[in-house]
Amino acid sequence: MATINENFLKLPGSYLFSEIARRVSEYSAANPEKKLIRLGIGDVTRPLVPAVTEALHKAVDEMASLDGFHGYGPEQGYGFLREAIAKNDYQDHGIDISADEIFVSDGAKSDCGNIGDIFGTDNIVAMSDPVYPAYADTNAMAGRAGTYVDGQGWDKFVYLPCTAENNFSPAPPDQKVDLIYLCYPNNPTGSVATKAQLKEWVDYANKNDAVILFDAAYEAFVTEKDIPRSIFEIEGAKTCALEFRSFSKTAGFTGTRCAFTVISKELVRGGAKIHDLWNRRHCTKFNGVPYIIQKGAEAVYSTEGKKQVEEVLAYYKQNANVIKKGLDDAGLTTFGATNSPYIWVKTPEGIGSWEFFDKILNEASVVTTPGAGFGPQGEGYVRLSSFGEQEATKEAVERIQKMLKK
Ligand code: MLT
């Protein structure tokens, strides 16, 4: 008889964004006349920039010719893209990362989950609370989470509470942990970590032979000069950290799919290079991102591409400021926005996060994300995304202001 991975049976309910989608479609079906504004899941709305679409078209034409056709590509990504990433995202910023330390993939979410394949199930996993649910759920599927306790989370994880008191940026724990998920700029709180804070983590990880899994999917939203965009800006990181990055939020690739993971050859655990283990996994389970898409991603680094992408980012950053200012003016307490596409909003006194989510949905027809869905410490917050259209974002803020005045 075929048996199953019983860890799947321990997972609570459905994935956060699937549950939200379910509630939203229920609301839409019951209120077809209401114009819904979606500031929930961090999905981009601006089209791909012209430099990217031109490269995509050109690559499609190449694929239609005998000489330009590409079948299976290198699993790790084509050299042209890996070189462009290494140069533009690292070497030009004084970070010594080479093209062969970059693994191109179909998404940071996939990589964050798949990386677990190469680590033992007995590792103690630390993550922030609230946290991007993919870290928790994928480790639960792998059997590293223990038992789920309602309102408390998984009993084997070491949760790092992120609260207003610690600026949503926790310090390393007193106890020893093995795998540490850090995400900066943070999803969902929009907080950032300073170089000094990340240095503490790097020192902790090197001392304890731990590995930091650093999710930098939102690095393009950093506006403050001294805030690090990469864990590899921190001395000592190459021997204890790997980094996930994505073209999704940076260049509008949520539907197109392209991301990458950076693993230095200096990262060794259990006598093995993590780089080589990931390469082995990647080659076995993945056949690479399509040539056409990688050509589109390469164009993000062209002179035109960089300029155009900056304009799109400025558009979303303006949305973030509009949301933050509008909700502050309405008397709510908000965090994030400055270096992040997310605004983390304290719910009014006595209102829980799902309750506030439902209220905003029902009374303002605006979709947000309830903080409690990201973990127990997210209770009492909702998250708003700045990835909407500008006019709709302004309208959403006005609707919430009006709702709060009632
Ligand atoms: C989010 O809204 O947290 C993200 O869009 C989800 C993701 O990137 O998978």
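What you see is a predicted model; the values in this text were computed from it and never measured.

Cut-offs used in this document
- Residues numbered from 1 in each chain as written.
- Predicted model: local features only at pLDDT ≥ 70, side-chain atom pairs only at ≥ 80, totals over all residues.
- Heavy atoms only, no water.
- Helix = DSSP H or I, 4+ residues; strand = E, 2+ residues; numbered from the N terminus.
- Rg over C-alpha atoms; globule rule 2.2 N^0.38 Å.
- Buried < 20%, exposed > 50% of the residue type's maximum accessible area, 1.4 Å probe, protein only.
- Lys, Arg positive; Asp, Glu negative; His and termini not counted.
- Charge placed at Lys NZ, Arg CZ, Asp CG, Glu CD.
- Salt bridge = Lys/Arg side-chain N within 4 Å of Asp/Glu carboxyl O.
- Near = heavy atom within 4 Å.
- Polar contact = N/O pair within 3.5 Å; in protein donor to acceptor, adjacent residues only side chain to side chain.
- Areas by Shrake-Rupley, 256 points an atom, 1.4 Å probe, with all protein chains shown as cover.
- Pairing = 2+ DSSP bridges.
- Axes fitted to C-alpha atoms, helices over the stretch in contact; angles between N-to-C directions.
- Contact = heavy atoms within 4.5 Å.

A. The overall build of the protein chain, seen in detail. A tally of regular secondary structure across the protein chain gives 12 helices and 17 strands. Rg of the C-alpha trace for the protein chain: 21 Å, near the compact-globule value of 22 Å for 406 residues, within the 12% margin. Per-residue burial over the protein chain gives 55% buried out of 406 residues. The averaged location of the 54 negative side-chain charges in the protein chain is 2 Å from the averaged location of its 43 positive side-chain charges.

B. Expanded view of the pattern of salt bridges. In the structure shown here, the tally under the stated rule is 24 salt bridges. Measuring nitrogen to oxygen at the nearest pair gives 2.7 Å for the salt bridge that ties Lys325 to Asp329. Here Asp329 and Lys325 lie together in helix α10 (residues 303-329), a separation of 4 residues that amounts to about one turn. You'll find Lys325 and Asp329 in the same group, each marked exposed. By sharing partners, the salt bridges in this structure join Glu19, Arg22, Arg23, Glu26 and Asp358 into a single network.

C. Structural context of the site of the ligand. Looking at the ligand, the residues that line it are Phe17, Ile41, Gly42, Lys109, Tyr132, Asn187, Tyr218, Lys249, Tyr342 and Arg383. Residue Asn187 places a side-chain N or O atom 2.9 Å away from an oxygen atom belonging to the ligand. Side-chain polar atom of Tyr342 to an oxygen atom of the ligand: 3.5 Å apart, as the coordinates give it. With the chains in place, 86% of the 270 Å² that the ligand exposes on its own is no longer accessible.

D. Looking closely at the sheet that holds strand β9 (residues 241-246). One open sheet accounts for 7 strands, arranged β2-β10-β9-β8-β7-β3-β6; its pairing is mixed. Each having just a single partner strand, β2 (102-105) and β6 (158-161) make up the two edges of the open sheet. Pairwise comparison of adjacent strand axes, ignoring direction, gives a mean angle of 20 degrees for this sheet. In terms of strand pairing, β2 meets strand β10 (residues 259-263) through 4 bridges, oriented antiparallel. What sits directly across from Val104, in β10, is Phe260. On top of the sheet, helix α3 (residues 79-90) reaches β2, β9 and β10; it is set at about 115 degrees to β2, its chief contact.

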